[in-house]
Structures are given as structure tokens and as C-alpha cells.
Amino acid sequence: MAVNKIIIGTRGSELAKWQAEWAKKNLENLYSEIRVEIKIIKTQGDQVQDISLSKIGDKGLFTKAIEDELLEGSIDIAVHSLKDLPTQLPEGLIIGAVSKREDSRDVFISSKYDSLTQLPWGATVATGSLRRKSQLLNFRKDLDVIDIRGNITTRLIKFDDAGWDGLILAFAGISRLGQRDRIKQIIPEDVILPAVSQGVIAIETRKADVVLNELLKALNNNSSMTQILAERSLLRTLEGGCQVPIGAYTRLENSSLNLKAMIGSLDGKKVLRTEISGSPSDAEELGKNAGEELLSAGGREILDELRAIK
């Protein structure tokens, strides 16, 4: 059956719309005979802005409402920041394609200082991520790390109004929204490991849409897919999500896949790291092995502590 029209489902933030437009433009360039439309869908994460993510749960917070419409058939594909997608997708849904990965690292934003090391004792740094908070406090236990919610534009406005010393965001989002001039430092991965799949756009589809999935193969970036297979396997092994400080950073070099991974306590006093390399064809096994190494090194105790807090 021929595909005549594709309706893309997405969140309504500036970044989400940028990503949906990216998918739309690429599909139109590849298949000029297909009409492509975008439908904005409000998710639970968009509706609840005054409570920290760690307190309202993370299972499909920014994706479930969109996935529901995908399953119902009111949209044909869903476009997400892949880091928002749980490792277990709803029955019948798959990742049909992923984008070329933007730099996956986090960035330091400040109107006062040029790097994290320049921050004075007790400086205030804002982030909405437990992963960043854990690693920041492990790097600098003196910092006052405060929670901030909202999309990128909202966070930047809140930050500017508050006059805090620093803000941590993902390079990918800042770059895609044309805000690179706000970046003072790209934070090295030995200080803060990025979120799993950070910097990758995912196109989620119905597994049964065979013809559409075949069309989407032309959009898929194989290098990104290899990296995210390893990282999502790590996350699955650690049973983690937004409420668990887990980070990962992968590189493909000389036909080898290198994976750095971490899990940490909320206060940053315990941060466990591992590094593992192997064949790209064994990406999922690599991620699983890294996760098991972290669990054996004390990760189980960290997870038990986090569950006790909830």
C-alpha cells in the first residue's frame, strides 16, 4: 500500500518543533510525492511545570500521550528526543530511525564565569537533572545545586531573571535553537557524562507499518543507532530513568565502540564509573556488560538507596 500522507506527532516546545521540522524536511526531500503534516500533542511533562521531574515520575512523562495517539492511528510517526523514550516501548511500537548525533555533552552557561572550575565556593548552579546534580556535587561538593523546570527557552529566561551563577543544559538543544553564543564551556565527559541517547532524535513508528518503516530507513544514521543500542542496553540493565543518576558516553573509533558509563547517589558522594570497549556489532552486549559491572561495583546499593527514598 502506497504512503500518500504522513502525520508527525510531537510536543509543542521550540526544540520539539525544531526536531519535527527536521523530520518533515527530510521526508519531503526524500519523498516529494508524500504530504507531511505536524500535529502538536501536550504531554504530562508539559502540563506539570511546577514539580520536579523526580517527584512526578519518569515513565513516558514526555512521550506517553504521543505514543497513545500513535497506537490509536491519529498520527503516523512520533518524533522525540531519544533520551525521553523509556527503554521498553509500548507493545507494537519501534524506533524506526534515528538522526545523526549532535555532540552529546552538557554545557555550562553563565554570565559571570567561563567554566565550572571558575565558580566560587558555594556558587548556585541550576539543573533539572538528577544525573547532572549527582556528578556536579561529586566534582564540587560545595556547590548549591538547585532544581529548574521548563523547556530550554523557559529555563534560560528563569536563569537570567534569577541571577544564578550557572546553568547546565545539553549542547544539542542549545545548538539546535541557535543559542550557541550562550555556551561558556562544553563540559568534559570526565566531569559530567551525558544522559543516555542525548543528542539523538528518534522517529517512533508502529511495527506493523511495514511500507512506512521501509521508507524511514533512508533517514536512519547507522553510527547513532549503534551508539544508542549500547547506551539503552546499559540503562535497561540498570533499570534506570530520569529518577536515577545514570550517564553514558559512546564513541566509535577505528572499528571499535567505546562506552563510558556512571551511576551515582543523589548527593554525589558515591559516583561509580566504568569504561568498556568492543565490537560495534556487539553494542547491546557491551551496554549490558557495562551495566553489570556498575551493579557489581556498588550500583545495586545505590539503586536500593534511591528506591528507599521514593
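Attention in this report is confined to the structure presented alongside it.

Cut-offs applied
Here the residue numbers are simple positions, counted from 1 along each chain's written sequence. Totals for whole chains, interfaces and linings use every residue, but because this is a predicted model, local features are given only for residues with pLDDT of at least 70 and side-chain atom pairs only at 80 or more, for both listing and counting. As a rule here, side-chain values cover all heavy atoms of the structure and leave hydrogens and water aside. Every axis in this analysis is a line fitted to C-alpha atoms, fitted for helices over the stretch in contact. Angles between the N-to-C directions lie between 0 and 180 degrees. In this text, helices come from DSSP runs of H or I with a minimum length of four residues, and strands from runs of E with a minimum of two, each type numbered from the N-terminal end. Put simply, angles under 35 degrees are roughly parallel, angles over 145 are roughly antiparallel, angles from 65 to 115 are roughly perpendicular, and the rest are oblique. We call a crossing left-handed when the near helix sits turned anticlockwise from the far one by less than a right angle, and right-handed when that turn is clockwise. When checking whether two residues touch, look at their non-hydrogen atoms; a contact exists if any pair is within 4.5 Å. Note that Gly is not counted as nonpolar here; it falls among the polar residues with everything else outside the nonpolar set of Ala, Val, Leu, Ile, Met, Phe, Trp, Tyr, Cys and Pro and the charged set of Asp, Glu, Lys and Arg. For a helix, the expected span equals 1.5 Å multiplied by the number of residues minus one. When a residue's accessible area, from a 1.4 Å probe over protein chains only, is under 20% of the maximum for its type it is buried; when over 50% it is exposed; and in between it is partly exposed. Polar contacts, as used here, are pairs of N or O atoms within 3.5 Å; protein pairs need one atom able to donate a hydrogen and one able to accept it. Residues neighboring in sequence count only if both atoms are side-chain atoms. Residues enter patches when they are more than 30% accessible in relative terms and free of salt bridges; like-charged ones are connected within 9 Å and nonpolar ones (Val, Leu, Ile, Met, Phe, Trp, Tyr) within 5 Å. Accessibility throughout is a Shrake-Rupley quantity obtained with a 1.4 Å probe, and a residue counts as covered only by protein chains that appear here. One speaks of a salt bridge when a side-chain nitrogen belonging to Lys or Arg is within 4 Å of a carboxyl oxygen belonging to Asp or Glu. Note on charges: Lys and Arg go in the positive column, Asp and Glu in the negative column, and His and the chain ends are not counted at all. Working definition for charges: the position is that of NZ of Lys, CZ of Arg, CG of Asp or CD of Glu. A pair of strands counts as paired when DSSP detects no fewer than two bridges linking them.

1. Description of the packing of helix 9 (residues 222-238) against helix 10 (residues 283-309)
Part 1: Where helix 9 meets helix 10, the axes come as close as 7 Å, and the angle between the chain directions of the two elements is 30°. Here helix 9 is positioned roughly parallel relative to helix 10, judged by the angle of their axes. Considering how the two elements wind past one another, helix 9 and helix 10 form a crossing that is right-handed. Residues Thr 226, Leu 229, Ala 230, Ser 233, Leu 234, Arg 236, Thr 237 and Leu 238 of helix 9 form the contact with helix 10, whose own contacting residues are Ala 283, Glu 284, Gly 287, Lys 288, Ala 290, Gly 291, Glu 292, Leu 294, Leu 295 and Leu 303.
Part 2: Tallied by class, the residues present in the contact of helix 9 with helix 10 amount to nine nonpolar, five polar and four charged.

2. Brief notes about helix 9
Part 1: End to end, helix 9 covers 25 Å across 17 residues, agreeing with the expected 24 Å (1.5 Å per residue, within 8%).
Part 2: Burial analysis of helix 9 places twelve of its 17 residues in the buried class, which makes it a mostly covered element.
Part 3: Buried within helix 9 are the following residues: Ser 224, Met 225, Thr 226, Gln 227, Ile 228, Ala 230, Glu 231, Arg 232, Ser 233, Leu 234, Leu 235 and Leu 238.
Part 4: Among the structural elements, strand 4 (93-98), strand 11 (246-253), strand 12 (256-264) and helix 10 are those in contact with the buried residues of helix 9.
Part 5: A side-chain oxygen of the first residue of helix 9 lies 3.2 Å from the backbone nitrogen of Ser 223; this N-cap is Asn 221.
Part 6: Among the residues trailing helix 9, Glu 239 stands out with phi positive, at a value near 55°.

3. A word on a negative patch on the surface
Part 1: A cluster of like negative charges, contributed by Asp 282, Glu 285, Glu 292 and Glu 293, occupies part of the molecular surface.
Part 2: Assignment of secondary structure puts Glu 292 in helix 10.

4. Points about the sheet that holds strand 2 (residues 35-40)
Part 1: Here five strands make up an open sheet; going across it, the order is 2-1-3-10-4 and the pairing mixed. The sheet is open, and its two borders are formed by strand 2 and strand 4, each paired with just one other strand. With direction set aside, neighbouring strand axes in the sheet form an average angle of 30°.
Part 2: Alignment of strand 4 against strand 10 (residues 201-206), held across five bridges, turns out to be antiparallel. Of the residues in strand 10, the one forming a bridge with Val 98 is Ala 202.
Part 3: Packing against the sheet, helix 1 (residues 14-30) makes contact with strand 1 (5-10), strand 2, strand 3 (77-81) and strand 10, and its axis sits at approximately 165° to strand 1.

5. With respect to the side chain of Arg 176
Part 1: As for its placement among the helices and strands, Arg 176 is situated in helix 7 (residues 171-176).
Part 2: Nearest to the buried, unbridged Arg 176 among oppositely charged side chains is Glu 102, at 4.9 Å.
Part 3: Those residues in contact with Arg 176, other than ones at most four positions away along the chain, are Leu 15, Trp 18, Gln 19, Ser 99, Lys 100, Glu 102, Gly 199 and Ile 201.

6. Brief notes about unusual backbone geometry
Part 1: Of note, Ser 197 is a non-glycine position whose phi angle comes to about 70°, a positive value.
Part 2: Relative to the helices and strands, Ser 197 resides in the loop between strand 9 (183-186) and strand 10.
Part 3: Here Ser 197 falls in the buried class, since its relative accessible area comes to 1%.
Part 4: Notably, Asn 254 is not glycine yet its phi reads approximately 50°, a positive angle.
Part 5: Along the polypeptide, Asn 254 turns up in the loop between strand 11 and strand 12.
Part 6: We classify Asn 254 as exposed; its relative accessible area is 78%.

7. Structural notes on the environment of Phe 139
Part 1: With respect to the helices and strands, the residue Phe 139 is situated in helix 5 (residues 130-139).
Part 2: As a C-alpha pair, Phe 139 and Gly 166 span 27 residues in sequence and 15 Å in three-dimensional space.
Part 3: Non-local contacts of Phe 139, meaning those with residues more than four positions away in its chain, are made with Leu 116, Thr 117 and Val 191.

By themselves, these figures tell us nothing about what the structure is for.
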